Amino acid sequence: MAALRRLITGNPKHSSLIPPTLLICRRGIASKLFVGGLSFYTTEKGLLDAFSQYGQVMEAKIVTDRVSGKSKGFGFVTYACEDEAEKAITQMDRRALNGRVIFVDYAKPTSNLGGSPIARGPPDPITKN
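- As annotated in an unreviewed UniProt entry, the chain carries the name RNA binding family protein isoform 1 and comes from Theobroma cacao.

**Remarks on helix 3 (residues 44–51)**
In step 1: All buried positions along helix 3 are accounted for by L47, A50 and F51. The buried residues of helix 3 all sit within an arc of 85° when viewed along its axis, so they share a single face.
In step 2: Here the buried face of helix 3 lies against strand 1 (31–36), strand 2 (57–64), strand 3 (71–79), helix 4 (82–92), strand 4 (95–97) and strand 5 (100–106).

**Here's the deal with the sheet that holds strand 1**
In step 1: Strand order in the open sheet formed by five strands is 2-3-1-5-4, and the pairing between neighbours is antiparallel. Bordering the open sheet on either side are strand 2 and strand 4, each of which pairs with just one other strand. Ignoring which end each strand starts from, the neighbouring axes of this sheet average 35° apart.
In step 2: Pairing of strand 1 with strand 5, which is carried by four bridges, proceeds in the antiparallel orientation. If you follow F34 over to strand 5, its bridge partner there is D105.

**Overview of the confidence of the model for the chain**
In step 1: Looking at the chain, pLDDT values average 80 and 68% of them are 70 or higher.
In step 2: Element-level mean pLDDT values for the chain span from 46 in helix 2 (residues 20–24) up to 97 in helix 3.
In step 3: Segment residues 1–8 is flagged for pLDDT under 50; beyond a separation of four residues in sequence, or across chains, it makes 12 contacts in the model.
In step 4: Low pLDDT, under 50, characterises residues 11–24; the predicted model gives this stretch nine contacts beyond four residues in sequence or across chains.

Each value, and the rule that gives it
Residues numbered from 1 in each chain as written. Predicted model: local features only at pLDDT ≥ 70, side-chain atom pairs only at ≥ 80, totals over all residues. Heavy atoms only, no water. Buried < 20%, exposed > 50% of the residue type's maximum accessible area, 1.4 Å probe, protein only. Helix = DSSP H or I, 4+ residues; strand = E, 2+ residues; numbered from the N terminus. Arc of directions from axis to C-beta. Contact = heavy atoms within 4.5 Å. Pairing = 2+ DSSP bridges. Axes fitted to C-alpha atoms, helices over the stretch in contact; angles between N-to-C directions. pLDDT = per-residue confidence, 0-100.

Okay, structure coming up:
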């Protein structure tokens, strides 16, 4: 951590060598939050605006239906730092956003269910012996 601090505050001539992701936050890794109970009228910009007051939001994504394109009522917000994500959870969980009470928690990692896909193509032809 001290070496990183020296890199950032040290020689301004070499500041262009520091990747922008290191300048985002020195406290930890990015944290993804699950946001449930969203109004169907909440936009990604609205979600970003609501959560950006608690820290630097890297991404705000609302999950939509593939066919209709309408919101499924939940989304994800990714913060640059775990501290900012924790602050957002404590401040936004069970609060109203666009007329609906939302629930905020850490997102669970996606698991690969492994099975075969639902649509596998046409069935195999039936042969009579």
